[in-house]
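Take a look at the letters that make up each chain.
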Amino acid sequence: MAVRSYQYRHYPAGSPHYERCIGLSWCSGCRVYTGAMVHVPRTTALTDALASLTSEHRDRLLHNEVRLIEHLDGRTEDDAPTQQ
Ligand SMILES: [Zn+2]
């Protein structure tokens, strides 16, 4: 099965830790995933796969790696109404 990956910044641009990013790798088949701290230079522009989402939706995904991966894999109906 194909292994996919996604890297995203965890700290704001003004932070001294800006280059410390989260790197996720997962298998689309069995959903096994690993998350690690990765170093991405400040000058590297990362693709923001969540750019079109509301900040609330982004926050929800960024605080739950499993949901984030499901979203990136297009497996979730996360835009459907959910119980609060
Ligand atoms: Zn697998």
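Everything discussed here concerns the structure shown above.
Conventions we followed
- Residues numbered from 1 in each chain as written.
- Predicted model: local features only at pLDDT ≥ 70, side-chain atom pairs only at ≥ 80, totals over all residues.
- Helix = DSSP H or I, 4+ residues; strand = E, 2+ residues; numbered from the N terminus.
- Axes fitted to C-alpha atoms, helices over the stretch in contact; angles between N-to-C directions.
- Contact = placed C-beta atoms within 7 Å.
- Nonpolar A, V, L, I, M, F, W, Y, C, P; charged D, E, K, R; others polar.
- Pairing = 2+ DSSP bridges.
- Buried ≥ 20, exposed ≤ 12 C-beta atoms within 10 Å, placed from the backbone.
- Arc of directions from axis to C-beta.

(A) Local environment of unusual backbone geometry. Located in the positive-phi region is Arg 31, a residue other than glycine, with phi close to 65 degrees. Tracing the sequence through the fold places Arg 31 in the loop between strand E2 (20-27) and strand E3 (33-39).

(B) Spotlight on the packing of helix H1 (residues 55-62) against helix H2 (residues 65-72). Remark: H1 packs on H2, axes separated minimally by 6 Å, with the N-to-C direction vectors making an angle of 115 degrees. Contacts from Arg 60, Leu 61 and Leu 62 of H1 reach H2 at Arg 67, Leu 68 and His 71. Across the contact of H1 with H2, the residue classes tally to three nonpolar, one polar and two charged.

(C) Representation of the sheet that holds E2 within the structure. Across the sheet, which stays open at both edges, the three strands sit in the order E1-E2-E3 with antiparallel pairing between neighbours. Only two strands of the sheet have a single partner each, and these edge strands are strand E1 (3-9) and E3. Along the sheet, successive strands turn relative to each other by an average axial angle of 25 degrees, direction set aside.

(D) Representation of the pairing of E3. When you tally the buried positions in E3, you get zero out of seven residues, a small fraction of the element. Looking at chain direction, E2 and E3 are connected through seven bridges and run antiparallel. Note that in E3 the partner of Arg 20 across the bridge is His 39. Between E2 and E3, which pair antiparallel one after the other, the connecting turn spans five residues, and Arg 31 there sits at a positive phi close to 65 degrees.

(E) Focus on the pairing of E2. Direction of pairing for E1 relative to E2: antiparallel, over a ladder of seven bridges. Note that in E2 the partner of Gln 7 across the bridge is Gly 23.

(F) Up close: H2. Within H2, burial applies to Leu 68, Ile 69 and His 71. Across the axial projection of H2, the buried residues extend over an arc of 160 degrees, all falling on one side. Looking at the buried positions of H2, the neighbouring elements they touch are E2, E3 and H1. In the segment just after H2, Gly 74 is the residue with positive phi, at about 70 degrees.

(G) Molecular detail of the environment of Tyr 11. As for its placement among the helices and strands, Tyr 11 is situated in the loop between E1 and E2. Filtering out sequence-adjacent residues up to four positions away, Tyr 11 remains in contact with His 17, Tyr 18 and Arg 20.

(H) Molecular detail of the environment of Glu 19. Looking at the secondary structure, you find Glu 19 in the loop between E1 and E2. By C-beta crowding, Glu 19 is classed as partly exposed, having 15 other C-beta atoms within 10 Å. Distance in space between the C-alpha atoms of Glu 19 and Val 40 is 5.1 Å, their sequence separation being 21 residues. Discounting chain neighbours no more than four positions away, the residues touching Glu 19 are His 39, Val 40, Pro 41 and Arg 42.

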